[in-house]
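Working through the structure, step by step
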Amino acid sequence: MSDEVHLYPYLVLGALLFTCGVVCMATKRNAIGILIGVELVLNGANINFVAFSKYNAVFQVEGMIFALFVIVLAAGEAAVALAIVLNFYNNHATVDVDGADELKG
Amino acid sequence: MFETVRNQPGLLFVIATLLPLGSFALLLAWGALRWGLRPYAKNGSLVDNVYQCLGGPVPGPGPAYVATAAIGLAFLCSFIGFGVFLSEVGEMHRLEHHLHELHLEHAKPHGHKAEPEAKKDEKEDAKQAKLVKKEPERNLQGEYNILRHHWLGSTTWAQVVSTKTKDAERGSILTVGFKIDMLAAVMFVMVTFIATLIHLFSIGYMSDELKKTVEDHEVHTPHGHYERRGRFGRFFMFLSLFCFSMLNLLLADNLFQIFVSWELVGICSFLLVGFYFERTSASNAANKAFITNRVGDAGFIIGLMILWTYCGTFNFEELFAQIRCPKADADGEIVLEEKIKANDKIQIRKTNLSNKIVRCDPGENTEYGWRQTNLAKDGKAVLLFPRDQSGHFHGPHQTEYLFDHPGAKQYGHMPYWLLVVAGLGIFLGCVGKSAQFPLQVWLPDAMEGPTPVSALIHAATMVAAGVYLVGRSYPLFTPEVLLTISYVGAITLFVAATIAVVMTDIKKVLAYSTVSQLGYMMLGLGIGGWTAGLLHLLTHAFFKALLFLGSGSVIYGCHHQQDMRKMGGLFPKMKITALAMLMGVLAISGIPLFSGWYSKDEILAGAFGFAMVNKQHFLLFLLPLATAGITTFYMFRMWFMTFMGKPRDEHVYEHAHESPWQMTVPLILLAILSVTVAWPKPDEHGWPLFDAQQSWLAHQLHHYSQPKTIEVEDVEDAHGHPIPLDVDFVKENQAALAHHAGVGYLALGVVAIGLIFALALYLYGWLDPAEAKEQFPGVHRFLLHKWYFDELYSAAIVRPGMVIAHWCRNFDTYAIDGFVNLLGRWNLNASYWSGKFDRGIIDGFVNVLADASYAVGNGLRNVQTGYLRSYVLFLALSAVALTVLLYAWVAALGG
């Protein structure tokens, strides 16, 4: 019995995180909550990248670079999204995203 | 400029021509400026100042002075030019003959090619030496060329190069040029002189037009008489243009330039005859004159086209050189040999063809590249000679087959009948312009114009143009054409004279007398009396101008009364006019010593000579002889009715007065010239005043201005001077010369009869004119209706023309318009259906598409909920769905 951990648990973890994120995004009405869901989705994907980087020689470098890329992207995205949220709050005095329906067709 | 004119004195005549044109342009510009400024000329403004400077609303007699000065200067130029020409023409003529003789001498040794140069005849050498000795160290040809250059000149106007003409590199050339010979020079002096007098006369006669408003008593409007602006300037502008056209016509050295002037003269007569165009009669007369002339001009154009096609030139000299056989060298004489039967023997008659029209039967092209052409008296074609080989002919020795040599390519030929048609066509133009039968109808109506215009048109200019053209293009006419001309002239002179007998309008009498006298001229030309016809043109111009201006003076004095039945006994009231007109009457009657005698006698003698030789044409003598008596009768009738007897209308008589000096001075001058213009010159044998054959003017015309046809010189007059005869009419001319005196007495007898009748009927009252009228009511009515020519033309041409026009109008209204309307209606229907299709089907399809997209868009709107969570849900679900689909696809592929 080897102590080595396989790829699959990582993937399952990633998928779990991803699903949690999506569910969080779909259910939360709080903008901050949705942002948290987005972070979860991104990190679920990140776990996948890192796992592939480790267990698949082909993606050794790419996996890590993509992971770093996603982290940087997530940071940027969080900054922009929080700015939007703040502005939204300034305008609507709430962070309930259901109130943002001006673009409704 | 002075130097140029000295080098080429013919330019004097060109200047004389251009002066009236300048006057016309000036008056036109002046009038146009006034017309343009008039609406803007407000009191005191700058424009008004300019307008007032130009004459204002009443410009005064300025235009008359401009026009009169121009034509006066033109007369001066012509007169000087005529003097210079007279001084040179004798020398030129002598040189020409001398050169011809030299040419004959020179040509002899070169003629026979077989004969070696060395074998020259010594006798000929001596002869030549003698000839050369006579004129030592003189370049005769050079001198002659210089003299000719004085009076000829032209510039190329247009050149049509066609390979089909005889000389391809030259092509056909249209030129503008001048050719002064004795005829042109004399005509220039005559036309400018008479025109000057008429201008002067018009200043007085047209003075009514100087007013700002003129009341025309013959035009009635609902508001009384018609009032219009005075047209003094316009009248003189037209006169100037008329003079220019006429002078240009005389000047021209080619038929085309003549044609252009011809049309200009026509339009001027239209403008002048229709000067009072508000009067229906005047505008109708102008139209009639213009349209009748168009008929003639159509013939003229046909003639021009034929000549242009075959000869490639309009230049007179070149045309004549082509159509008339050149003078032959001693070696190259062109002789027509005919075999004739006489006394059961076959003889050969030789005719020298020098200066004649040569007829031939053109043969086929031979294998040697030249054509064999047989000369024949009744040949189907006319030989055309090379146009630059004027004067002399270097032909082959043998004449039976003229063109058996390689040079024959230069020769051409045209069908004889086409030459006849060309001649008839040109003559038709002259018939129209000179008012000959059957186109004489326009001239009497043209009396609607102001009287000076009648004088200008009927005496000096327009009607003279036709006779002048016949004289100018004389060598183009074949015997058939000349016979036609004679008969047309004879018929015209008789018909017109008989009509003149019953006319009561003083101007109408003169108009018909003009037509009759023009007939005399045409007859004179047609029977081979070139000089006689043109001499009569010149003398007639003077006395007819005199008579017309005299009648104008009478009409002016009687306050525009033209009816002779209301005149009578005017002699004491207007002595100058009456005496001057008496001179004209005597001249036109052919009383000895008056100018008309010299010319009319010559025509009658010519006609007699012609009738002697051609017995079947004796009518050509009888008609003019009888008409001489009729002429005397109606002219004296006119004079007696106007000036003698008792006044028939007290009102007219009381107000009658003599005209001012501007009108009487021209009358006096013309009266003097009407008497003297044809007088002979005193010579060493005395002053042969009573010899009708010795007229100086006729002599000048005959010797120095003859067309190519007058050449033969084997007859001598009483003093041993040679008299040239017409090559086509040698026998006729000889007979005329022989019987001149006898015919003269006969004519005098007939004139005396006419005079006696006039005295009996209208002066002494032995016979009552009214009784004579009742005796022959039919004749009187026939003559009063002018031989029913107007009625005939109305029935034969005008009425059918109207009917055809009516038909055409109906055709236009119903057929053409109907067709167009039908097409239109069809189109309308088609458009209606096309519109339906467009709106229903095409628009419907497009609308359906639009509606569908709209519906789809509207449906998709619901998806855009605006809830962030639902978008995420969509995203997730879509991702799941895509994954499922992917798996299903992979599974389906992988199995």
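Residues numbered from 1 in each chain as written. Chains lettered and ligands numbered in written order. Predicted model: local features only at pLDDT ≥ 70, side-chain atom pairs only at ≥ 80, totals over all residues. Heavy atoms only, no water.

**What to know about the overall build of chain B**
- Along the backbone of chain B there are 30 helices and 14 strands.
- Out of the 895 residues belonging to chain B, those deemed buried represent 50%.
- Sequence separation of at least 24 residues holds for 76% of the intrachain contacts in chain B that already meet a minimum separation of 6.
- When the accessible surface of chain B is totalled, it reaches about 41800 Å², and 63% of it is carbon and sulfur. (Helix = DSSP H or I, 4+ residues; strand = E, 2+ residues; numbered from the N terminus. Buried < 20%, exposed > 50% of the residue type's maximum accessible area, 1.4 Å probe, protein only. Contact = heavy atoms within 4.5 Å. Areas by Shrake-Rupley, 256 points an atom, 1.4 Å probe, with all protein chains shown as cover.)

**Here we look at the packing of aromatic side chains**
Residues and elements named next belong to chain B.
- For the coordinates displayed, the defined rule picks out 30 aromatic pairs over all chains.
- Seen in terms of ring centroids, phenylalanine 235 and phenylalanine 275 are 5.3 Å apart; in terms of plane orientation they differ by 80°. Their pairing is edge-to-face. Note that phenylalanine 235 is positioned in helix 8 (residues 232–251) and phenylalanine 275 in the loop between helix 9 (255–273) and helix 10 (280–311), a separation of 40 residues in sequence. You'll find phenylalanine 235 and phenylalanine 275 in the same group, each marked buried.
- Through a chain of ring-to-ring contacts, the aromatic side chains of Phe232, Phe235, Phe236, Phe275 and Tyr276 assemble into a single cluster.
- Here the guanidinium or amino end of arginine 294 rests over the ring plane of phenylalanine 290, the centre of that ring lying 4.3 Å away. (Phe/Tyr/Trp six-rings, centres within 6.5 Å; stacked < 30°, edge-to-face > 60°. Lys NZ or Arg CZ within 6 Å of the ring centre and 35° of its normal.)

**Some thoughts on the environment of B:Phe811**
Residue and element names in this part refer to chain B.
- Within the fold, phenylalanine 811 resides in helix 29 (residues 789–861).
- With a relative accessible area of 52%, phenylalanine 811 lands in the exposed category.
- Placed 531 residues apart in sequence, phenylalanine 811 and threonine 280 show a C-alpha to C-alpha distance of 30 Å.

**Structural notes on the pairing of strand 2 (residues 172–179) of chain B**
Residues and elements named next belong to chain B.
- In terms of residue burial, strand 2 counts as a mostly covered element, since seven of its eight residues are buried.
- Where strand 1 (residues 152–160) lies against strand 2, eight bridges are found, and the strand directions are antiparallel. The residue of strand 2 that forms the bridge with glutamine 159 is isoleucine 173. (Pairing = 2+ DSSP bridges.)

**Describing the interface of chain B and chain A**
- Contact residues are listed per partner, giving ten residues for chain B and 13 residues for chain A.
- A buried area of about 960 Å², summed over both sides, lies between chain B and chain A, and 63% of it is on carbon and sulfur atoms.
- It is B:Leu868, B:Arg869 and B:Val872 in chain B that bury the most area against chain A; as a group they hold 50% of the surface buried on that side.
- Joining chain B to chain A, the criterion identifies zero salt bridges.
- Run the count over chain B and chain A and you get zero residue pairs in polar contact (both at pLDDT 80 or more).
- Per element, the largest residue contribution to the side of chain B that touches chain A is five residues, and it comes from helix 30 (residues 868–894) of chain B.
- Looking at the side of chain B that touches chain A residue by residue, the class counts come to five nonpolar, three polar and two charged. (Buried area = accessible area lost by both parts, 1.4 Å probe. Salt bridge = Lys/Arg side-chain N within 4 Å of Asp/Glu carboxyl O. Polar contact = N/O pair within 3.5 Å; in protein donor to acceptor, adjacent residues only side chain to side chain. Nonpolar A, V, L, I, M, F, W, Y, C, P; charged D, E, K, R; others polar.)

**A short note on the side chain of B:Ser599**
Residue and element names in this part refer to chain B.
- Here serine 599 shows up in helix 20 (residues 595–613).
- Within the structure, the side chain of serine 599 is placed 3.0 Å from the side chain of threonine 539, a separation counted as a polar contact.
- Once residues lying within four places of it in the same chain are set aside, the contact partners of serine 599 are Ala532, Leu535, His536 and Thr539.

**A look at helix 26 (residues 740–763) of chain B**
Residue and element names in this part refer to chain B.
- Taking 1.5 Å of rise per residue, 24 residues should cover 34 Å, and helix 26 covers 33 Å from first to last C-alpha, within 8% of that figure.
- By the burial criterion, the buried members of helix 26 are His740, Val743, Gly744, Ala747, Val750, Val751, Gly754, Ala758, Ala760 and Leu761.
- Count one or two residues on from helix 26 and you reach glycine 765, which has phi positive near 70°. (Expected span 1.5 Å × (residues − 1).)

**Focus on helix 21 (residues 619–643) of chain B**
- In this model helix 21 of chain B runs 36 Å from its N-terminal to its C-terminal C-alpha over 25 residues, within 8% of the 36 Å that 1.5 Å per residue would give.
- B:Gly645 sits one or two positions beyond helix 21 of chain B and adopts a positive phi of about 75°.

**Focus on the pattern of salt bridges**
- Summed over the entire model, instances satisfying the criterion amount to eight salt bridges over all chains.
- The closest approach of N and O atoms between A:Asp96 and A:Arg29, which form a salt bridge, is 2.9 Å. In this pair, A:Asp96 is assigned in the segment after helix 3 (60–92) and A:Arg29 in the loop between helix 1 (7–27) and helix 2 (31–55), connecting sequence segments 67 residues apart.
- When the shortest N-O distance is used, the salt bridge between B:Arg231 and B:Glu278 registers 2.2 Å. With B:Arg231 in the loop between strand 4 (224–229) and helix 8 and B:Glu278 in the loop between helix 9 and helix 10, the pair connects residues that are 47 residues apart, well separated along the chain. Taken individually, B:Arg231 and B:Glu278 each receive the classification buried, so the pair is uniform in this respect.

**Focus on unusual backbone geometry**
- With omega at 5°, the peptide bond leading from B:Phe437 into B:Pro438 counts as cis.
- Phi at A:Ala93 takes a positive value of approximately 55°, unusual for a residue other than glycine.
- For A:Ala93, the position within the fold is in the segment after helix 3.
- The exposed category is assigned to A:Ala93, whose relative accessible area is 59%.
- Residue B:Ala435 is not a glycine yet carries a positive backbone phi of 55°.
- Within the secondary structure, B:Ala435 is located in the loop between helix 12 (416–433) and helix 13 (442–445).

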